[in-house]
Amino acid sequence: MHTRHHLSAPLLLVFALFLVAVNGLFEYYHLYFFLWWLDIPMHFLSGMFVALCALAVVYRRATPLSPRRESIFVFAVALGSALVVGALWEIFASALGHDAPNLGGLAADTIKDVANDLLGGLIAG
């Protein structure tokens, strides 16, 4: 008998609320400024969250024999969604002037952030 596995909306909501609360605390207390490395786990977890949400949407209507069950498709959705949202976030942050000169400038920080988004997406996949 085939059982259908899916990500629950309440679990994803709790994950989202956790990310928003932690980010809010980090911003309020300026912890990103004092502890530059805090954005590493945040990008990792955010990439994971985005990938899990994308996979939840894709699998909401998938059938047991659907090609969406193939591993390569799962990883493509997970990595693709983490990459797109991560890149859009970096463009948004750059537009707001959130550069990181202590990490070698915007390019180095952007590469690091997107790499961490992708790693989170990879783990989610």
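Notes on the structure in this doc start here. Numbering of residues starts from 1 in each chain and follows the order in which that chain's sequence is written. Given that the model is predicted, a residue must reach a pLDDT of at least 70 before its local features are reported, and side-chain atom pairs must reach 80 or more before they are shown or counted; all residues, however, enter totals for whole chains, interfaces and linings. Excluded from the side-chain calculations are hydrogens and water; all other atoms, namely the structure's heavy atoms, are used.

**Considering the packing of helix α3 (residues 39-59) against helix α4 (residues 71-95)**
Part 1: Every axis in this analysis is a line fitted to C-alpha atoms, fitted for helices over the stretch in contact. Angles between the N-to-C directions lie between 0 and 180 degrees. Under the scheme used here, helices are H or I runs from DSSP no shorter than 4 residues and strands are E runs no shorter than 2 residues, and both carry numbers assigned from the N terminus. In contact at an axis separation of 8 Å, α3 and α4 are set at 130° when each is read in the N-to-C sense. Relative to α4, α3 is oriented oblique. Two packed elements cross with a definite hand, and for α3 against α4 that hand is right-handed. Side by side, α3 and α4 meet where His 43, Gly 47, Val 50, Ala 51, Ala 54, Leu 55, Val 58 and Tyr 59 of the first sit next to Phe 73, Val 74, Val 77, Ala 78, Ser 81, Ala 82, Val 85, Trp 89 and Glu 90 of the second. Each angle gets one of four labels, with under 35 degrees taken as roughly parallel, over 145 as roughly antiparallel, 65 to 115 as roughly perpendicular, and the rest as oblique. Definitions for this section: a left-handed crossing has its near helix turned counterclockwise from the far helix by less than a right angle. A right-handed crossing has that turn clockwise. Pairs of residues are marked as contacts when any of their non-hydrogen atoms sit within 4.5 Å.

**Regarding the side chain of Asp 113**
Part 1: For Asp 113, the position within the fold is in helix α5 (residues 106-124).
Part 2: In this scheme, a residue with accessible area under 20% of its type's maximum is buried, one over 50% is exposed, and one in between is partly exposed, where area comes from a 1.4 Å probe on protein chains only. Judged by relative accessible area, Asp 113 falls into the buried class, the value being 2%.
Part 3: Of the polar contacts made by the side chain of Asp 113, one reaches the side chain of Lys 112; its length is 2.7 Å.
Part 4: Not counting chain neighbours up to four residues away, the residues in contact with Asp 113 comprise Asp 39, His 43 and Glu 90. Whenever two N or O atoms come within 3.5 Å, that pair is a polar contact, provided that in protein one can donate a hydrogen and the other can accept it, and provided that, for residues adjacent in sequence, both atoms are side-chain atoms.

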